[in-house]
Amino acid sequence: MLNGTLHYLLGALELEQLRHEVGAYENDPDFLPFIAIKMDIEQMSISPQMLKKTNNQSAQDVQKITESTQWAKAISLQQCATLAERFSN
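Reading the values: the criteria
- Residues numbered from 1 in each chain as written.
- Predicted model: local features only at pLDDT ≥ 70, side-chain atom pairs only at ≥ 80, totals over all residues.
- Heavy atoms only, no water.
- Axes fitted to C-alpha atoms, helices over the stretch in contact; angles between N-to-C directions.
- Helix = DSSP H or I, 4+ residues; strand = E, 2+ residues; numbered from the N terminus.
- Parallel < 35°, antiparallel > 145°, perpendicular 65-115°, else oblique.
- Left-handed = near helix turned anticlockwise from the far one by under 90°.
- Contact = heavy atoms within 4.5 Å.
- Nonpolar A, V, L, I, M, F, W, Y, C, P; charged D, E, K, R; others polar.
- Expected span 1.5 Å × (residues − 1).
- Buried < 20%, exposed > 50% of the residue type's maximum accessible area, 1.4 Å probe, protein only.
- Salt bridge = Lys/Arg side-chain N within 4 Å of Asp/Glu carboxyl O.

Enquirer: Describe the packing of helix α1 (residues 8–21) against helix α4 (residues 59–86), with residues and values.
Expert: Close contact between α1 and α4 brings their axes to 9 Å; oriented N to C, the two are set at 50 degrees. In terms of their interaxial angle, α1 and α4 are classed as oblique. Where α1 crosses over α4, the handedness of that crossing is left-handed. Here Y8, L9 and L15 of α1 lie close against α4, whose contacting residues are I65, S68, T69, A72, K73, S76, L77, C80 and L83. Looking at the contact of α1 with α4 residue by residue, the classes come out as eight nonpolar, three polar and one charged.

So, in structure tokens, the structure goes:
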């Protein structure tokens, strides 16, 4: 996510799932933004497949994904970096 090799929204979905695996408490401030991002993705009906395939997307879908990604980074980039530090081996 941080270096651009994984679509930011896909990474956010993975981090939201990871919080359960690492036993983070329910209101862990580093994971909260990723819960909000997951809710946003679900509300806008953005599927993981849409994020993986950039070809054959309508201009409307591209715009929706771009705006969602910008918003997601604005609210979670710092937490993403913090989590990378927290859980690096």
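Now that the structure has been shown, the text picks up again.
Enquirer: Mind laying out α1, listing which residues take part and the relevant values?
Expert: With 14 residues, α1 extends 20 Å from end C-alpha to end C-alpha; this agrees with the ideal 20 Å at 1.5 Å per step. Turning to α1, its buried residues are Y8, L9, L10, G11, A12, L13, L15, E16 and R19. Next to the buried residues of α1 lie α2 (32–43), α3 (48–52) and α4. Two residues or fewer past α1, G23 is found with a positive phi of approximately 75 degrees.

Enquirer: Can you explain the pattern of salt bridges? Please cite residues and give values.
Expert: Counted under the stated rule, the structure contains seven salt bridges. Residue R86 pairs with D30 through a salt bridge whose shortest N-O separation is 2.8 Å. Residue R86 is located in helix α4, and its partner D30 is located in the loop between α1 and α2; the two are separated by 56 residues in the primary sequence. Among the residues examined, R86 registers a relative accessible area of 38% and is labelled partly exposed. Overlapping salt bridges, with partners in common, bring together E16, R19, E26, K38 and E42 in one network.

Enquirer: Can you tell me about the environment of P33, naming the residues and giving the values?
Expert: You can see P33 is positioned in helix α2. For P33, a relative accessible area of 10% translates into the label buried. When the C-alpha atoms of P33 and I75 are compared, they prove to be 6.4 Å apart, with 42 residues separating the residues in sequence.

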